[in-house]
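The chain contents come next:
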Amino acid sequence: MTTSTETRAAELTKPYTGRPAELIQALHRVQTELGYIPEAAQAAVAETVGVPLSQVRGVVTFYHFFRTTPVGRHTLRLCLGTACHVRGAELVLKAIREELGVGLGGTSADGVFTVEGVRCLGACGLAPVLMIDEEVYGKLDPKKTKRILRGIRENAK
Ligand code: FES
């Protein structure tokens, strides 16, 4: 059975029909439009571009910028670098888990937040640091972290 995701992915990758060398561009296009590349879309890309599904899966899992699960409206990037670790990143992560119900790599059930871990954000003097979309929040503690997340969640309603 063809799903709407498959149909949409097939439409999006039409310009790459029979062009295996442009697999990555085709996948980028699908991710830009759908926000991620689910299994059904991977199958459609494989068929249109003309490569085995195993190759598409391999590319999607190899490059960290491709996602196979939906992303939230806001992306949290928690710094896991040394300075942040020493100054309590673990406590910030615990606060995120308590507030959102998800940890690293997860998306909150309401679809508002996706949580990622990153290496040094280059703001070590502000450790522990959390980046939310394009904004950097520093010198965090659990209380401050929860307050920020609640504020964003309120505005997302
Ligand atoms: S270690 Fe976290 S910003 Fe550098």
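Just so it is clear, the model here is predicted, and its values are computed rather than measured.

Colleague: Would you mind showing me how to read helix 6 (residues 89-100) here?
Modeller: Here helix 6 contains 12 residues, and its C-alpha end-to-end distance of 16 Å stays within 8% of the 16 Å for a straight helix at 1.5 Å per residue. Burial in helix 6 covers these residues: Ala89, Val92, Leu93, Ala95, Ile96 and Leu100. The arc that holds the buried residues of helix 6, viewed along the axis, is 160 degrees, so those residues lie on one side. The secondary structure elements touched by the buried residues of helix 6 are strand 1 (74-79), helix 5 (82-86), strand 2 (113-118), strand 3 (130-132) and helix 7 (142-156). Looking at the residues trailing helix 6, positive phi occurs at Gly101, about 80 degrees.

Colleague: Honestly, the domain arrangement of the protein chain in this entry has me stumped. Any pointers?
Modeller: Many analyses report the size of an interface as the accessible area lost when the parts associate. By domain assignment, the protein chain separates into domain 1 (4-62) and domain 2 (74-156). Summarising the inter-unit geometry, the C-alpha centres of domain 1 and domain 2 are found 32 Å apart.

Colleague: Mind showing me how you'd approach the environment of Gly72 here?
Modeller: Relative to the assigned elements, Gly72 resides in the loop between helix 4 (53-62) and strand 1. Residue Gly72 is classed as buried on the basis of its C-beta count, with 20 C-beta atoms lying within 10 Å. In sequence terms Gly72 and Gly111 are 39 residues apart; their C-alpha atoms lie 4.7 Å from each other. Aside from chain neighbours lying at most four places away, what touches Gly72 is Thr107, Ser108, Gly111, Val112, Phe113 and Thr114.

Colleague: When you look at the sheet that holds strand 1 in this model, what are you seeing that I'm missing?
Modeller: The strands that make up a sheet are held in pairs by hydrogen bonds between backbone atoms, and each pair lies either parallel or antiparallel. Strand order in this open sheet of four strands is 2-1-3-4, and the pairing throughout is mixed. Unpaired on one side and paired on the other, strand 2 and strand 4 (135-137) mark the two borders of the sheet. Going from strand to strand, the sheet's axes swing by 25 degrees on average, the running direction of each strand aside. Bridge analysis of strand 3 against strand 4 gives three bridges, and the strand direction is antiparallel. Within strand 4, the residue paired with Met131 across the bridge is Val136. Its contacts with the sheet place helix 6 against strand 1, strand 2 and strand 3, and it is angled at close to 155 degrees to strand 1.

Analysis parameters
Residues numbered from 1 in each chain as written. Predicted model: local features only at pLDDT ≥ 70, side-chain atom pairs only at ≥ 80, totals over all residues. Helix = DSSP H or I, 4+ residues; strand = E, 2+ residues; numbered from the N terminus. Expected span 1.5 Å × (residues − 1). Buried ≥ 20, exposed ≤ 12 C-beta atoms within 10 Å, placed from the backbone. Arc of directions from axis to C-beta. Contact = placed C-beta atoms within 7 Å. Domains from an automatic or database assignment. Pairing = 2+ DSSP bridges. Axes fitted to C-alpha atoms, helices over the stretch in contact; angles between N-to-C directions.

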